[in-house]
Each structure stands twice: as structure tokens, then as C-alpha cells.
Amino acid sequence: MKTFDKVLIANRGEIACRVIRTCRRLGIRTVAVYSEADADAQHVRLADEAWPIGGPRPQDSYLRGEAIIEVARRAGAQAIHPGYGFLSENADFADAVAAAGLVFIGPSGASMRKMGSKAGAKELMAARGVPVVPGYTGEDQDPARLQAEADRVGYPLMIKAAHGGGGKGMRIVRERGEFAAALESCRREAAGAFGRDRVLLERYIENPRHIEIQVFADSQGNTIHLGERECSAQRRYQKVIEESPSPFLTPERRAAMGAAAIAAAQAIDYVNAGTVEFIVDASGDFFFMEINTRLQVEHPVTELVTGLDLVEWQLRVAAGAPLPLAQDAITQRGHAIEVRLYAEDPAAGFLPGSGRLQTLRLPAPGDGVRIDAGVVEGDTVTIFYDPMIAKLIVHGEDRPRALAKLREALADCVIVGPKSNIAFLERLVRHPVVVDATIHTAWLDRHLDEVLPAVDAAPDRDLLAAAATAALLHDEAATLADAAGSGDPHSPWAIADGWRLGHAGDRLLVFLHAGERVELHARGADGNHVIRGCGEAIAVAAARIVDGRLSLRIDGRARRLRAYADADSAAAHDGEQRLELQRVPGFRFDDSAAAGAGDRVTAPMPGRIVLVRASPGQAVAEGEELLVMEAMKMELSLKAPRAGTVAAVSATAGEFVEADTLLLSLEPQA
């Protein structure tokens, strides 16, 4: 096979690690680039060599095309793989790579320009007879013109960033009076995320499905598709569950969409991997949305059902080789599903998180389970990039078995540090709209409360006993390990039961659950305890943890559960629900620091202040937007906690602030 000797990967995180794995298997040396925030990142450690390219912000590092090309030259790389995001769909960067005598592993800049703009793509597809949603894609971006076009298209309609993706720069407008504010917000977000604020308008189709076709083309004129992926489970246009094949498509619809996707790729002389995205209404009619001129985040589900390595195909095609297989040789087996594990807090509006991954336990790969991750335990999820921790992909003989395997794999996940969306995903994949494959792209935004974990619910009795027992076993093991290190393991000070000084015959365990203090008292040792708290006593006997599974008897009844504990946390999972507890020192919890919070607006996370809408002396209503922050490539609206008068504003537009920074205060209430 004609191939490369050395490839530079112009990306970070899990996709950079993913490309490195295939390159290593093919004997291709890899060059990584990294920002100041990523100096110790996994893609840096996995590559054969890695070069610094600038500061932590994307515009100071991963978006600096000229710096990346210079590294490729100096390192002796022959080609650049852009991954997804950052410069992957930047036509100017693709042209610059070619001009430097290097190979861009993706389509040409000319093809990108035809598809990089959603507006241009819709116009081209309409000219080719591909169904498109009615709308406006013109270059006249005067707000008055856009308002007039919106009125012509009718409501509800969608405002979309013309050069966007990943759910950024999109707004639904349901009536005329909402348009101006939505347009301003959409343009601002688009400019921040993509550097261009052009938008397009299109009729909003209620309750559609999102189905995309993976296409591949080579420089010899061969174009094929590798089947579809359904991504209808979305929240605010961000894909949550991706699967292949689609449970909605009939063979006839699948064939029609595949043919349309191939025609779209051929219309722009496409080469390499791409994805043609469609929305599909309840009757099965499909409409072109866009072509993503890159590898997709969800490409692993296609790989699992086809048995192909799409990154290897990308490398082969970029090196000038023909497609490895013809259309009639593409076969699919079984069903694959992907979910993304994020550092985010579903209970707080999915606020992105950051911080050190104190514990990261993921299911072991194999037997139909695949993990694509860019971090390991001890790494930090930074504030500068997407907070994805890992992609969890499963494969089963059919969809029900794949869903069962996904539920088991999610139950094996433990993340301690930043909050995660695991419990949310577990509830979602059990919901009837997912099990019965009836979910559409708007369902989650309308019914989110049905799948959000009940954070205020009292802990399940057995799960609480299991988590507490795991904590007791951890503490006893730590005590014995310390004693062994002291040189006298037989010392009575090594005994981890009630005799030991400080236990006073009764060991105090203090946890936080959903912000509430849970205090337990335990007596006993070596897996045999009586645990008192929450108004009752629970007898635990013969408790042992082996390979993450806790076996024990609770009040004489034998149970086997997943359980984990360390110095900072404890968790238990019974196969259907999980309990996660934060461990705190055994002193009384003082919440006096939270007093007066109703008079303060603080930064919920590190980020940049985009707008300040309030000034000292201004009267504000409860829920009124006071400031707009940008964090994790998203806009956050900070609102008044109560009605009152602004006493002071401590933030200015453009300023970067840390979490919990005081931004604005209200006059104290009488």
C-alpha cells in the first residue's frame, strides 16, 4: 500500500489518540502538537514526538494553521490529519497545507468551500435536485433583510450559523418578536466559535429524525457509502446517542438516502471521508442539511458494524490509493451505539465542568465494548476545550442486545472529580423513547425532566449500605497498609476496628448527597458492621470487594453490587441505579458561607465575560439577564436571583474570570 512515513495530527484529545493508534498499527510515525494547557496530555505522550504551538486558547494554538504547517516541515511529516473540529473544515488551511508541499488528509479546499457554507451547500443541492428545507441562504445579511426573509419563510424557523457545526450558533424562533434577539445571540456565538457570523434561515420541521450517511471517495473517481447513523437523540442540537443502523429506515429509504449522499459527494468532486446529514420527517421524507467534510465524532459506530478502520481508509485515499472496497462489498453486521461521557452537570443545565479526574474507571475494552478516550485517571479536564472525557461504543448482535451491553458498560463507569453525565445517560438509555426507537431531535429539550436524575431523592437503603461498606473496607485497607509500612504490622495500632484510638468504638462516616449531609455511625471490622443512620440500623456481614464487585449480606440477604470508594468518594450501583457520595471530614457542616447568596451573582465556572447588561443603580426583575459568559465554547446567561437594585458590577466585557468570582451584587433586601 502506498502510504506515509510520518503524519502530523493537527488536533488534541481522543481524536488525536484515535489517529495515533491506527498510524502505529500501520507503522506510520506520528507528530503531535500541543498548547500550553496540553503539555502533559495523552496525545502528547502517545505520539512519537510532540511540538508546542502556543497558548491554551484555541486561537493561540490549535487554530494557528501557519504554526502547525511549520512544525510539520521541521518534523519531516509528509501529511497532516486534521481530526475534527478546529481546522478540519477550514478550506484555507487545506490549501495552505497543499501549497507547503504536504498532503491534507481530507477533501480539497475547493470541495470544502462548496460545502463549508451551509448556505452554499443548500443552494448547490437544490440545483442538483436534492430535497432541501425552504429558507433563505443569501449573502445579504442586513438585519432588516433577514427579518423580512424570516417573515416570508414563516415561523417556527431556525437561525443557523452558515459556517458552523456541533450545535453551535443555532436558534429556534417561534414568533416574529423573538427574531432580533435570537439573531444577535446566534451571530455572536457563531463569530466566537467559527470566526464568521453569517447565518442562514430555514423552516423548522417539528419532531424530525436526524440520519446521516457516511460517504467515502477516492481520487480515481470511486464514491461509495458505508451506511447510515441515526443521531436523533439530541439536546440543544448536540448529539447524545448515535447508532447504526437506523431503527427507523426501511431498506427502500436506506437505498434512496445512500444514493442521494453519493450524488451529493460526486457533485463537488469529493475525495476522502465525509458525512451527508439529512433530517427525516415522520412520513419518511428526507431533506438535505449539510455535508461535514471531515471524520465525524460518531464514526466508531460505522466501524463496528462494518468492521472497517475509517482512519486507515483516510490515510490510504490521501496517499493516492483507490478505495479498498467497492459498494457491493460493504456489509454490515449487528448493531452499534455510541454515547459521549462529558464532564458536565445535568442538574445545573449541563454546565460544562473542569478539574482533575481523581478517579476514572471505564469498562475494559473487548467483547463488544470500545473506549475512545483522550484522558486517563489523574488528567485534568481544562476549561479551554470541549469537556468530553471519553466515547463509549458498544456492539451487539441486534439492537436490544446492544442496548443491554450499553447499560452494563455505563454501570461500570466511575468518574470522581468534575461532575459527569453518566447517571443522565443511564436513565436515558432505559427510557421507552430510546428502547422503542421513537425519539426525535426535539424530544429531549421538551422532556428533559423525565431523564434527569432525581437529585433530591433520599438514598436507596441498600445502595447507601453498600457505599458505606465500600468506604469502611477502603479505610481498613488503608490503615493496614500504613501499619505494614511502619515495620510493625502486628501493632495494636494497626487494628482497624473500634479499639483503634479515635474510633471510640463507633466510626463516623460523613457524606454529601445532592448537597445534603448524610451522617452514619458504624461499629465492627473486616466486612462485618452495624451501620446506623437515616433513622435505622443496617447489619452488614461478609463484605468483600473483588474486581469492583461488592458481595455482602444486608440484614441477612445476600447482594452483589458494583461498589467503589476512596478517600474522597464512595459509590454503589445495583445494575439499574447508582448512588454517588462525596466523603467529607467528620465535622458538622456549616452552610453559613452560603448566606446572602441571593444578593450575589458569581461565575459558575471559569470563562470570559461577553456582555454586561446591568449597571449600578439599575432596577432588575427576578430572572432578568444581567451578564453573558462564554465558557467551553458555549454562552451562559447569568440572571438576577431576585428582584432588586444593582449595588455594584465587578465584571467587564472581555474579562476572563475564575469560578466563584463575584460579578455583580444587589442591594441587600430589607
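Conventions used here
Residues numbered from 1 in each chain as written. Predicted model: local features only at pLDDT ≥ 70, side-chain atom pairs only at ≥ 80, totals over all residues. Heavy atoms only, no water. Helix = DSSP H or I, 4+ residues; strand = E, 2+ residues; numbered from the N terminus. Rg over C-alpha atoms; globule rule 2.2 N^0.38 Å. Contact = heavy atoms within 4.5 Å. Lys, Arg positive; Asp, Glu negative; His and termini not counted. Charge placed at Lys NZ, Arg CZ, Asp CG, Glu CD. Buried < 20%, exposed > 50% of the residue type's maximum accessible area, 1.4 Å probe, protein only. Pairing = 2+ DSSP bridges. Phe/Tyr/Trp six-rings, centres within 6.5 Å; stacked < 30°, edge-to-face > 60°. Axes fitted to C-alpha atoms, helices over the stretch in contact; angles between N-to-C directions. Parallel < 35°, antiparallel > 145°, perpendicular 65-115°, else oblique. Left-handed = near helix turned anticlockwise from the far one by under 90°. Polar contact = N/O pair within 3.5 Å; in protein donor to acceptor, adjacent residues only side chain to side chain. Expected span 1.5 Å × (residues − 1). Salt bridge = Lys/Arg side-chain N within 4 Å of Asp/Glu carboxyl O. Core = buried A, V, L, I, M, F, W, Y, C linked by side-chain atoms within 4.5 Å. Nonpolar A, V, L, I, M, F, W, Y, C, P; charged D, E, K, R; others polar.

Caption draft 1: Main features of the overall build of the protein. Helix and strand counts for the protein stand at 16 helices and 39 strands. Relative to its length of 670 residues, the protein is compact, with a C-alpha radius of gyration of 27 Å against a globular reference of 26 Å. C-alpha extents for the protein along the principal axes are approximately 80 × 65 × 55 Å. Expressed as a percentage of contacts within the protein between residues at least 6 apart in sequence, the contacts between residues at least 24 apart total 62%. Here the protein contributes 75 positive and 92 negative side-chain charges, whose respective centroids are spaced 3 Å apart.

Caption draft 2: Examining the environment of D555 more closely. For D555, the position within the fold is in the loop between β28 (549–554) and β29 (557–565). The class of D555 is partly exposed, set by a relative accessible area of 41%. Leave out the neighbours within four places in its chain, and D555 touches R461, A537, I538 and A539.

Caption draft 3: Spatial organisation of the sheet that holds strand β39 (residues 662–666). One open sheet holds the four strands; their spatial order is β32-β39-β37-β34, and the pairing between them is antiparallel. The sheet is open, and its two edges are formed by β32 (600–602) and β34 (619–620), each paired on a single side. Bridging between β32 and β39 involves three bridges; their strand directions are antiparallel. From the neighbouring strand, R600 faces β39, where its bridge partner is S665.

Caption draft 4: Just the packing of aromatic side chains, in detail. Overall, the coordinates contain nine aromatic pairs when judged by the stated rule. Between Y62 and Y385 the ring centres are 5.6 Å apart and the planes differ by 75 degrees, which places this aromatic pair in the edge-to-face class. With Y62 in the loop between β3 (49–54) and α3 (65–75) and Y385 in the loop between β21 (380–381) and β22 (388–396), this residue pair connects regions lying 323 residues apart in the sequence. Summarising the burial analysis for this pair, Y62 and Y385 share the class buried.

Caption draft 5: Structural context of unusual backbone geometry. With an omega of 0 degrees, the peptide bond between Y155 and P156 qualifies as cis. Along the polypeptide, P156 turns up in the loop between α7 (143–153) and β7 (157–161). The omega torsion across S244 and P245 is 0 degrees, close enough to zero to call that bond cis. Counting through the fold element by element, P245 comes out in the loop between β12 (238–244) and α9 (251–267). Of note in this structure, C534 is not a glycine but carries a positive phi near 55 degrees. One can find C534 in the loop between β26 (528–533) and β27 (536–546). Notably, D555 is not glycine yet its phi reads approximately 50 degrees, a positive angle.

Caption draft 6: Expanded view of the packing of helix α1 (residues 13–25) against helix α11 (residues 310–318). Packing of α1 against α11 brings their axes to within 9 Å, and their N-to-C directions diverge by 65 degrees. On the basis of their axis angle, the class for α1 and α11 is roughly perpendicular. Once α1 is placed against α11, the crossing between them reads as right-handed. Contact with α1, carried on its side by R18, V19, T22, C23 and R25, involves L310, V311, E312 and L315 of α11 and no other residues of that element.

Caption draft 7: Up close: the environment of E312. Tracing the backbone shows E312 in helix α11. Along the chain, E312 and R25 lie 287 residues apart, while their C-alpha atoms are 9.4 Å from each other. Those residues in contact with E312 that lie beyond four places of it in its chain are T22, R25 and L26. A distance of 2.7 Å separates polar atoms of two side chains, one belonging to E312 and the other to R25.

Caption draft 8: Geometry of α9. With 17 residues, α9 extends 24 Å from end C-alpha to end C-alpha; this agrees with the ideal 24 Å at 1.5 Å per step. Looking at α9, one finds that the buried residues are M257, G258, A260, A261, I262, A264, A265 and A267. Just downstream of α9 lies D269, where phi reads positive at about 55 degrees.

Caption draft 9: Looking closely at the pattern of salt bridges. As enumerated under the stated definition, the model contains 56 salt bridges in all. Salt-bridge contacts for R145 lead to E149; the nearest nitrogen and oxygen are separated by 2.9 Å. Note that R145 and E149 are positioned in helix α7 at a spacing of four residues, about one turn of the helix. Owing to a relative accessible area of 33%, R145 belongs among the partly exposed residues under this scheme. A residue is classified by how much of its surface remains accessible, and E149, at 10% relative accessible area, is buried. Three or more residues are tied together by salt bridges with common partners; here these are R18, R21, R25, E303, D309, E312, R316, R370 and D372.

Caption draft 10: Fine view of the nonpolar core. Ranked by size, the top nonpolar core spans 38 residues in total, and within it I241, I389, L392 and F424 carry the most contacts. At the level of secondary structure, the elements contributing two or more residues to this core comprise β12, β15 (335–342), β20 (369–373), β22, α12 (399–411), α13 (422–428), α14 (432–435) and α15 (443–447). For this core, the element with the highest residue contribution is α12, accounting for five residues. Not counting residues up to four positions away in its chain, the partners in contact with F424 are V240, P346, F350, L444, L448, V451, L452 and P453.

Caption draft 11: Structural view of the pairing of strand β37 (residues 644–649). Both β34 and β37 contribute to a ladder of two bridges, which runs antiparallel. Across the sheet, residue A619 finds its bridge partner in β37, namely T645. Two elements, β37 and β39, share three bridges in a ladder whose sense is antiparallel. Bridge pairing in β39 places V646 opposite L666.

Caption draft 12: Examining the side chain of H573 more closely. With respect to the helices, strands and loops of the structure, H573 is situated in strand β30 (residues 569–573). At 3.4 Å, the side chain of H573 forms a polar contact with the backbone oxygen of Q577. Ignoring anything within four residues of it in the chain, the contact list for H573 reads A411, E426, L463, L561, R562 and R578.

Caption draft 13: The arrangement of the packing of α7 against helix α8 (residues 179–194) in detail. Packing of α7 against α8 leaves a shortest axis separation of 11 Å and a crossing angle of 120 degrees. The orientation of α7 relative to α8 falls into the category oblique. Viewed along their axes, α7 and α8 form a crossing whose handedness is right-handed. For the pair formed by α7 and α8, the contact residues are P143, L146, Q147 and A150 on the first element and F179, A180, L183 and R187 on the second. Here the residues of the contact of α7 with α8 sort into six nonpolar, one polar and one charged.

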